[in-house]
Amino acid sequence: MLAALTLAVALVGATVLLFSVRDPADDSPPRPAPTEESQAADDALQRRVLSELDVFTDWLARNRVEGYVGEVGIPNDGDVDRWIQLAELWFQEADEAALWVDVWSSGEWWGADYVYSVFVPGTEGGPLAATTPTGELLARYAREGDEPRGVNVSGGEFGAPGSTEEVTEFSNQNPGEYGTDYLYDSQGSFDYLASQGIDTVRLPFRWERIQPALGEALDDDELSRLRGAVSRAHTAGLEVILDVHNYGAYHLAEGTRGVRRAIGSDELGQGDFADLWRRLSDAFREEPGVIGYGLMNEPSILPAVGDRSPAQVWEEASQAAVTAIRAGGDDTLIMVAGYQYSHAGEWSRQHPQAWIEDPADNVRYEAHHYWKRDDGYSYDREVAHAEDLGY
């Protein structure tokens, strides 16, 4: 009974994550200009996906900065052979652009039927023990490529809201119970990933759990759990990117409810975000196995403040976090996400130019890239949609 309840909780978290990675009001971003690579693709979906990636890589080149794709969603469904063919083209371009890549996603609470599962537990559950077609492709690129190739290891962000849920039971005062609502994977899972040749893991966790009172100390128990997961990954030979998986907001308790408060609001200032990262830096700067800090997963639905757009509010907040990290002498690599769900095809529109000033010169800008609009959509349906957009 407890196992069934745990699985149900995990799948609720999975659903929140799956449907919150895209802007529900804008599932048809402006068409990027076609490139030589996209024009040579076999179908309209390939042309759309490669053109979107080119928006990001061209932006990086123009600004002379480096990039990271923290989530790329490669579906494992009835059209898996065609998705893998597209993934081959995608990874070839990612290699040429020297992008770091972590694929979405794996974890002991993801079932084999989750459309984006990369590595899955065995038939009896427990640690990751089997590889999907996406995992086989990722493992090959990890072994053969020059840049880090890895996977998200989900669980620490489960049982929490996505980007669009304004009022929830979840809050900083009601963050859920470890082992029932969320978890960090076991040593066996990290060992399995390392055995497949994986280089990095992106490790999501929630701000409300690690810092249950804004501006105050990190929670000792949650910090111990997160450190334990980092230690297990390091023991397996993996490098960890810490990921604050909060979509640019914090669910602050008001009575018995949690209310979404976005960075830039009166309730959640840029100073609160900088304070979080000052404390995380103090806790992890000497931690073996931590290769990078992911400032914020998919910042979105932020307010405009004065004459500053939501994207500019995020730029200021991310700069404040970088400044706080560097003020303590921490030169760890920092991953800075783009506004509006970090969508690769949105970069030029959201951010005309690179904005981070880093005295350590150790920043990568982070994009995410999903290729279909909904779990239920087929490859053919996405081809037709891309043709309708003019690809």
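Along each chain, residues carry numbers from 1 onward, in the same order as the chain's sequence is written. Residue-level local features of this predicted model are given only where pLDDT is at least 70; pairs of side-chain atoms are given and counted only at 80 or more, and the full residue set underlies all totals for whole chains, interfaces and linings. Each side-chain value is worked out from all heavy atoms of the structure, with water and hydrogens disregarded.

*Asks:* An account of the overall build of the protein is requested, with residue identities and associated values reported.
*Replies:* Counting from the N terminus, the helices are DSSP H or I runs at least four residues long and the strands are E runs at least two residues long. Looking only at helices and strands, the protein has 12 helices and 13 strands in total. When accessible area is computed with a 1.4 Å probe and restricted to protein chains, residues below 20% of their type maximum are described as buried, those above 50% as exposed, and intermediate ones as partly exposed. Counting the 391 residues in the protein, one finds 59% classified as buried. Contacts are assigned to residue pairs with any non-hydrogen atoms lying within 4.5 Å of each other. Put simply, of all contacts in the protein between residues at least 6 apart along the chain, 78% involve residues at least 24 apart.

*Asks:* Give me the lowdown on the sheet that holds strand S7 (residues 200-205), citing residues and values where you can.
*Replies:* One requirement defines pairing of two strands: DSSP has to find at least two bridges between them. Spatial strand order, S1-S2-S5-S7-S8-S11-S12-S13: 8 strands in a closed barrel with parallel pairing. Neighbour to neighbour, the strand axes of the sheet diverge by 30° on average, direction disregarded. Here an angle of 0 to 180 degrees is reported between the N-to-C directions of two axes, which are lines fitted to C-alpha atoms, with helices fitted over the stretch in contact. Relative to the sheet, helix H8 (residues 220-236) contacts S7, strand S8 (239-244) and strand S11 (290-294), its axis offset from that of S7 by approximately 170°.

*Asks:* Please provide a residue-by-residue account of the nonpolar core, values included.
*Replies:* Among the nonpolar cores identified, the biggest contains 96 residues, and Trp 90, Phe 273, Trp 277, Phe 284, Leu 295 and Trp 314 are the most heavily contacted of them. Counting residues per element, this core draws most heavily on helix H4 (residues 80-96), which supplies 8 residues. Once you skip the residues sitting within four places of it in the chain, Trp 90 turns out to touch Val 49, Leu 50, Leu 53, Val 69, Val 72, Val 101, His 369 and Trp 371. The criterion is simple. A nonpolar core is a set of buried Ala, Val, Leu, Ile, Met, Phe, Trp, Tyr and Cys residues joined through side-chain atoms within 4.5 Å.

*Asks:* Quick one: what's the story with the packing of helix H3 (residues 44-63) against helix H12 (residues 379-388), residue by residue and with numbers?
*Replies:* Interhelical geometry of H3 versus H12 gives an angle of 70° and a closest axis separation of 7 Å. When the interaxial angle is binned, H3 and H12 end up roughly perpendicular. For the pair H3 and H12, contact is made by Ala 44, Leu 45, Gln 46 and Arg 48 and by Tyr 379, Glu 382, Val 383, Ala 386 and Glu 387, respectively. Here the term charged refers only to Asp, Glu, Lys and Arg, the term nonpolar to Ala, Val, Leu, Ile, Met, Phe, Trp, Tyr, Cys and Pro, and the term polar to all other amino acids, Gly among them. Taken together, the residues of the contact of H3 with H12 break down into 5 nonpolar, 1 polar and 3 charged. For this classification, under 35 degrees means roughly parallel, over 145 means roughly antiparallel, 65 to 115 means roughly perpendicular, and everything else is oblique.

*Asks:* Tell me about the pattern of salt bridges, and name the residues and values.
*Replies:* In what follows, salt bridge is the name for a side-chain nitrogen of Lys or Arg lying within 4 Å of a carboxyl oxygen of Asp or Glu. Counted according to the given criterion, the structure contains 23 salt bridges. Close ionic contact of Asp 79 with Arg 82 constitutes a salt bridge, the shortest N to O distance being 3.4 Å. Assessed through its relative accessible area of 19%, Asp 79 is described here as buried. Classification of Arg 82 as partly exposed rests on a relative accessible area of 30%.

*Asks:* Describe the confidence of the model for the protein, listing the residues and the values that go with them.
*Replies:* Think of pLDDT as the predictor's per-residue confidence, scored from 0 to 100. Of the residues in the protein, 90% have a pLDDT of 70 or more, and the chain-wide mean is 91. The low-confidence segment residues 1-28 (pLDDT under 50) makes 49 contacts with residues lying over four places distant or belonging to another chain.

*Asks:* Tell me about the sheet that holds strand S6 (residues 167-168), and name the residues and values.
*Replies:* The antiparallel open sheet is built from 3 strands, whose spatial order is S6-S10-S9. Where the open sheet ends on each side, the last strands, each with one partner, are S6 and strand S9 (249-254). The pairing of S6 with strand S10 (residues 257-262) spans 2 bridges and is classified as antiparallel. For Val 167, the partnering residue across the bridge sits in S10 and is Val 259.

*Asks:* An account of the pairing of S8 is needed here, citing residue identities and associated values.
*Replies:* Burial of S8 is extensive: 5 of the 6 residues sit out of reach of the surface. Sheet analysis places S7 next to S8, joined by 6 bridges and oriented parallel. In the sheet register, Phe 205 faces S8, and the bridge partner there is Val 244. Sheet analysis places S8 next to S11, joined by 4 bridges and oriented parallel. By the bridge assignment for S11, Ile 241 is matched with Gly 292.

*Asks:* A description of H12 should follow, citing residues and the corresponding values.
*Replies:* Within the span of H12, buried status applies to Tyr 379, Glu 382, Val 383, His 385 and Ala 386. One side of H12 carries all its buried residues, which in axial view fall inside an arc of 165°. At its buried positions, H12 is contacted by H3 and H4. Of the residues one or two after H12, Gly 390 is the one with positive phi, at around 100°. Working note: the arc is built from the helix axis to C-beta atom directions.

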